Amino acid sequence: MRNLETSTEKAPKPKKEKEPVVEWLLAAGHRACSGCGEALGAKLVMDAAGPNTYVATATGCLEVFSTPYPESAWRMPWIHSLFENSAAVASGIEASLIAQGRDKDVNIIAQGGDGGTADIGIGCLSGMLERGHNILYVCYDNEAYMNTGVQRSGLTPFDARTSTSPSGKLSWGNKTNKKDLPAIAAAHHIPYVATATVGYPNDLMAKVKKALSIRGPKYIQVHVPCPLGWIHPSDMTIEVAKLAVLTGLIPIYEMENGVVTKVRKIGKNRRPAEEYLKVQGRFRHLFAKGADAEEELEKIRQIAEANIKRFGLV
Amino acid sequence: MARPIGTYSKPGSSKANKTGSWRTEKPVFLHDKCTDCRICVIVCPDGIIFGADKIYDPDYDYCKGCGICAKECPVDDIKMVPEVR
Amino acid sequence: MRKFIEGSMAVAEAVKLCRPHVISAYPITPQTHIVEHLSQMVADGEVNAQFINVESEFGAASVVLGASAAGGRAFSATTSQGLLLMGEVIFNIAGLRLPVVITVANRSISAPINIWNDHSDAMAIRDAGWIMLFAEDNQEAHDMHLQAYKIGETPEISLPVMINMDGFILTHAFEGVDVISQEEADSFLPPFKPAVHLDVKNPVTMGVLAEPQWYMEARCRMQEALYESRPVIKQAARDFKGKFGRWYGDVIDTYRIDGAETVFVAMGSLIGTLKDAVDDLRGKGEKVGLLKIRCFRPFPGQEIAEALKNTRRVAIMEKAFSLGASGILGDEIKAALYATPYRPEISTFFIGLGGRDIPKSSIVNVYNQVKAKQQNNVFVDLKTELVK
């Protein structure tokens, strides 16, 4: 049931009309924007994890769109505490379940956006990874603080325009490169680190399942386009996510015990960086009439090139 | 215990919120060339594709009309049309 | 069993008796001894708990939050800057209605940095929605932990409890403490049965977004639960007395208040010194008594007003104040009295800030000042030559 992308077997007949083919653990009726990559990512992660999963979620779009009282889109035990502490709350849940003898055959997931993970929550994340809890941390990386109106985060890419890294006479947008959070996670010598993307849903779900089969702390960073913040049409979410990978700007790989064990090769499908940039409004200033952005574009090409070399993507 | 308001909710209760009213375009499943790959099922951010045996449809009560299903359908068996109410 | 132990050990022994599932804390003076003792107990297998070392007090508070949400009994301890760093989580724990217990070894707040006792830390987060108890001595601190879980875990209450004990003055003081046996403790404190908790067999969503049409009701219910906790706190004190014979007052306590024309009001270890001073003054024929505030939140305004109704003068001795405003206890007591016909003359004093010693002579000075005329927000034993 879970491996749908390439499945050839027939779907079981739904019991009644309008019963979704899969009763997703992230229920419909949530208030994510149309075409939300994060909602799609969470839907896939939850389904891969299954109902015997405890989830601690950071403040952010994901929490806001899914739990306006008295409604909730979550079908498993789920808690939101604060912006920066989902990793610590999950640590407490794990410890509590162990002490109560309720930790058998359950999964624990802590999750948050890129701001809640890479910036404000990095202390709690580091603590969780260091202590060796049997928890999977999932970072939904939409590359800015979307919930508060698209401000830059530590995972915002170079030259992306956000509401706090605007382009202007003196600016090409965000001045810094994406923080290498998977490497930071791996530096805790945890058994499993992976990057994934909603562009390749099966790969994402397989990684979640694999992570949950490994004991100890795990970290998966999922690239999730945000039509609102990245400024692309809502139907382009998957396509944009795939282009990020095919340009080399978002490398997809797995690290086990600190060593890169698998990469998603892009080979001959490699696309020039511009193809990814041009479909998003957040990079439009690089292609505006009269903009002399060649130097900037070259820097971005170099980022892709460095990724391709580092991970052997071609 | 007198229920402490605003502290917890029932699982899956978001189904009470019919998001279909957001839609400006809607996907129409043509049921013509469907190969049962079910990519539409997996890529729908709201998880609301129902049906079986090459006959799939979105639940318009919830479909926000994002168009991802139509865009990703490998056989172009879904088309987006303007929502008319 | 009577043991000659450090205050921190008296707390650790009490926490052990409460059979916590999860203990999480971060080192900070003067709290650290409490969790050092507890971590040793866990290492020795005396406490069957998960001891989680964290990267900050913020992490510690978040860990106990998660542990409690998952249905476990959870404990942490901190002080001063650590409590402030926990601040965001402290409010959140209360809002989530999780009956966590945290012991605060009360200490001043930086700057200037100072590791000694006053009540600035607890007072800074007094509006968080916690039940806040103040212990007078180490025996009370020991006993208070069993009462705290019993109060907080009462299903209608479901609120966290903060046990305040003066840093160093109590935490590091060795004195004889009657340590309760596990059997007696178990008969007083039943296992935690949470009203709502995270469970894969019965999933709930905790920590929801409350939009404007819900938020005010959520906060109102918290306020009601805090008010409703007053009789529960009183009952826990009575039950404790029934079982163990020890009594420290319920939400307040009084000492030689009958016929007193002047009544001191204070919280924490200062009560011990004040009792001595009251005895001395009574011995000299002075009509003086003492009101101890044992429970600061919920604020026992009615009980305080009732206790002060026949008093001519009140001297409120505070180990914290609201910068730019006034004494905190003072203002709240005045507000409580305003709702009654009682109008004693109220004087307010700030005393012992940042660990300044409080000798009996200072209290006698305060008494003489109050007797002479009403005093407002006087810094006791202030070196006036330094602040000219």
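Notes on the structure in this doc start here. (Residues numbered from 1 in each chain as written. Chains lettered and ligands numbered in written order. Predicted model: local features only at pLDDT ≥ 70, side-chain atom pairs only at ≥ 80, totals over all residues.)

Observations regarding the overall build of chain B
Here's step 1: Regarding its fold elements, chain B presents two helices and five strands.
Here's step 2: The helix and strand sequence of chain B, counted from the amino end, reads β-β-α-β-β-α-β.
Here's step 3: For chain B, the C-alpha radius of gyration of 16 Å lies well beyond 12 Å, the compact-globule estimate for 85 residues.
Here's step 4: Along the first, second and third principal axes, the C-alpha atoms of chain B reach 55 × 30 × 15 Å. (Helix = DSSP H or I, 4+ residues; strand = E, 2+ residues; numbered from the N terminus. Rg over C-alpha atoms; globule rule 2.2 N^0.38 Å.)

Some words on the interface of chain A and chain C
Reports of interface size often rely on the accessible area that becomes lost once the parts have come together.
Here's step 1: Taken together, the 38 residues of chain A in the interface contact 37 residues of chain C.
Here's step 2: For the side of chain A that touches chain C, the elements supplying multiple residues, two or more each, are strand 1 (53-57), helix 2 (61-66), strand 2 (78-80), helix 3 (86-100) and helix 5 (122-131) of chain A.
Here's step 3: Per-element tally for the side of chain A that touches chain C: the top contributor is helix 3 of chain A, with 12 residues.
Here's step 4: Summarising the sheet, strand 2 of chain A and strand 9 (residues 205-206) of chain C pair through two bridges and their orientation is parallel. Looking at the pairing, I79 of chain A lines up with M206 of chain C of strand 9 of chain C. (Contact = placed C-beta atoms within 7 Å. Pairing = 2+ DSSP bridges.)

Some thoughts on the sheet that holds strand 13 (residues 295-297) of chain C
Residues and elements named next belong to chain C.
Here's step 1: Strands sit in the order 3-2-4-5-7-6-13 across an open sheet of seven strands; the sheet is mixed. Looking along the sheet, the strands with just one partner apiece sit at the ends: strand 3 (50-53) and strand 13. Strand after strand, the sheet turns through a mean of 20° between neighbouring axes, direction not considered.
Here's step 2: Here strand 4 (residues 74-78) runs beside strand 5 (residues 101-106); their pairing, made up of four bridges, is parallel. Bridge pairing in strand 5 places S76 opposite I102.
Here's step 3: Here helix 3 (residues 57-69) sits on the sheet in contact with strand 2 (22-25), strand 3 and strand 4, set at roughly 165° to strand 4. (Axes fitted to C-alpha atoms, helices over the stretch in contact; angles between N-to-C directions.)

Quick word on the pairing of strand 12 (residues 288-293) of chain C
All names here are of chain C.
Here's step 1: A large share of strand 12 lies buried, amounting to six of its six residues.
Here's step 2: Burial along strand 12 is two-sided: the residues V288, L290 and K292 and G289, L291 and I293 are all buried.
Here's step 3: In this sheet, strand 12 lies alongside strand 10 (residues 252-255) in antiparallel orientation, the contact comprising four bridges. Residue pairing in the sheet places I252 in a bridge with I293 of strand 12.
Here's step 4: Each parallel crossover has a hand, and for strand 11 (residues 262-266) linked through helix 9 (residues 270-283) to strand 12 it is right-handed. (Buried ≥ 20, exposed ≤ 12 C-beta atoms within 10 Å, placed from the backbone. Right-handed = clockwise from strand over helix to strand, strands pointing away.)

A look at the nonpolar core
Here's step 1: Counting residues in each nonpolar core, the largest one holds 252 residues, and the members touching the most others are I93 of chain A together with I163 and V265 of chain C.
Here's step 2: Looking at which element gives the most residues to this core, the answer is helix 3 of chain A, with nine residues.
Here's step 3: Lining this core are residues from two domains, each supplying at least three of them: domain 1 (2-244) and domain 2 (253-386) of chain C.
Here's step 4: Apart from residues no more than four positions distant in its own chain, I93 of chain A is found in contact with Y54, A56 and I108 of chain A together with G66, A67, A69, A70 and L198 of chain C. (Core = buried A, V, L, I, M, F, W, Y, C linked by C-beta atoms within 7 Å. Domains from an automatic or database assignment.)

Structural notes on the packing of helix 3 of chain C against helix 4 (residues 80-95) of chain C
Residue and element names in this part refer to chain C.
Here's step 1: The contact between helix 3 and helix 4 brings their axes to 7 Å, and the two run at 25°. Judged on the interaxial angle alone, helix 4 and helix 3 are roughly parallel. In terms of crossing hand, the pair formed by helix 3 and helix 4 is right-handed. Contacts between helix 3 and helix 4 involve E57, F58, A61, S62 and L65 on the former and, on the latter, G82, L85, M86, V89, I90, N92 and I93.
Here's step 2: Classifying every residue of the contact of helix 3 with helix 4 gives eight nonpolar, three polar and one charged. (Parallel < 35°, antiparallel > 145°, perpendicular 65-115°, else oblique. Left-handed = near helix turned anticlockwise from the far one by under 90°. Nonpolar A, V, L, I, M, F, W, Y, C, P; charged D, E, K, R; others polar.)

Focus: the interface of chain A and chain B
Here's step 1: Across the contact, 43 residues belong to chain A and 38 residues belong to chain B.
Here's step 2: Among the elements of the structure, helix 1 (37-49) and helix 9 (237-246) of chain A are those that each provide at least two residues to the side of chain A that touches chain B.
Here's step 3: Looking at the side of chain A that touches chain B, its residues break down into 21 nonpolar, 10 polar and 12 charged.

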